[in-house]
Amino acid sequence: PAAAAAVVAPTPPTVGDKRNFEVCSTTDCDAFVTRPATAKVVGQRVAIYLDDTVPSGGYAQADLDKVGELFDSHLYPIDTTAFGRESDLDNNGVVVVLLTPSVNALTPDCNTSGTVILGYFFGLDLLPSEDHSNDGEVFYGLVPDPGNSACDISKGFATAFLPPTFIHEFQHMISFNQHVLV
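Throughout what follows, the structure given in this document is the object of discussion. These numbers come from a predicted model, not from an experiment.

Quick look at the sheet that holds strand 2 (residues 32-42)
Part 1 of the reasoning: Read from one edge to the other, the open sheet built from 6 strands follows the order 1-2-3-4-6-5, with strand pairing classed as mixed. Since the sheet does not close on itself, it has two edges, and those belong to strand 1 (18-24) and strand 5 (119-121), each with one partner. Mean inter-strand twist for the sheet, computed between neighbouring axes without regard to direction, equals 30°.
Part 2 of the reasoning: Pairing of strand 1 with strand 2, which is carried by 7 bridges, proceeds in the antiparallel orientation. From the neighbouring strand, Asn 20 faces strand 2, where its bridge partner is Pro 36.

In structure tokens, the structure reads:
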């Protein structure tokens with residue numbers, strides 16, 4: 001008789017967990033910085049980490065709770081119904097989001113250029129054997145920075161763009177899984 005394979009239950013992070021992330025420091029993702037972050041929200045399908053170096057005037061816990069609940073209840077089902085499932089290489093049962101000023105730094109002169117990078121997914125994170133991989137399902141988003149004279153990101157702007165950034169970057173993650181890993 002065939003032996004039954006042991007199944008290990010996913011182990012999500014908990015609120016307050018600290019973690020370091022390798023984050024792109026150029027738009028070509030050919031250089032990286034290490035960013036310390038703390039888990040602020042852990043839901044059924046998402047864990048939201050906030051970079052420990054965020055500037056003042058940023059997200060309130062209620063903002064993060066709201067987008068976490070929205071991801072779990074609406075955004076996750078929309079994307080997975082339309083595009084398929086994400087991988088779970090890190091066996092934590094959740095998609096990790098890092099909100100970091102490193103995303104803001106990718107468009108340092110947004111007031112002049114009129115464009116800003118809201119977030120990104122980087123496929124290298126799903127290739128654990130590669131240098132700078134975060135070894136799991138991670139995507140990244142910007143943070144409010146109202147005091148930055150070169151790229152003023154208000155809390156209202158950043159908060160309004162969290163849900164569309166989440167659903168968009170998650171779709172990229174799913175597509176990478178479906179078209180590269182699977």
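A few points about unusual backbone geometry
Part 1 of the reasoning: A positive phi angle is found at Cys 29, which is not glycine, with a value near 55°.
Part 2 of the reasoning: By the secondary structure assignment, Cys 29 is in the loop between strand 1 and strand 2.
Part 3 of the reasoning: Overall, Cys 29 belongs to the buried group, its relative accessible area being 15%.
Part 4 of the reasoning: Positive phi outside glycine occurs at His 132, with the angle close to 70°.
Part 5 of the reasoning: Of note, His 132 is situated in the loop between strand 5 and strand 6 (138-141).

Cut-offs applied
Residues numbered from 1 in each chain as written. Predicted model: local features only at pLDDT ≥ 70, side-chain atom pairs only at ≥ 80, totals over all residues. Heavy atoms only, no water. Pairing = 2+ DSSP bridges. Helix = DSSP H or I, 4+ residues; strand = E, 2+ residues; numbered from the N terminus. Axes fitted to C-alpha atoms, helices over the stretch in contact; angles between N-to-C directions. Buried < 20%, exposed > 50% of the residue type's maximum accessible area, 1.4 Å probe, protein only.

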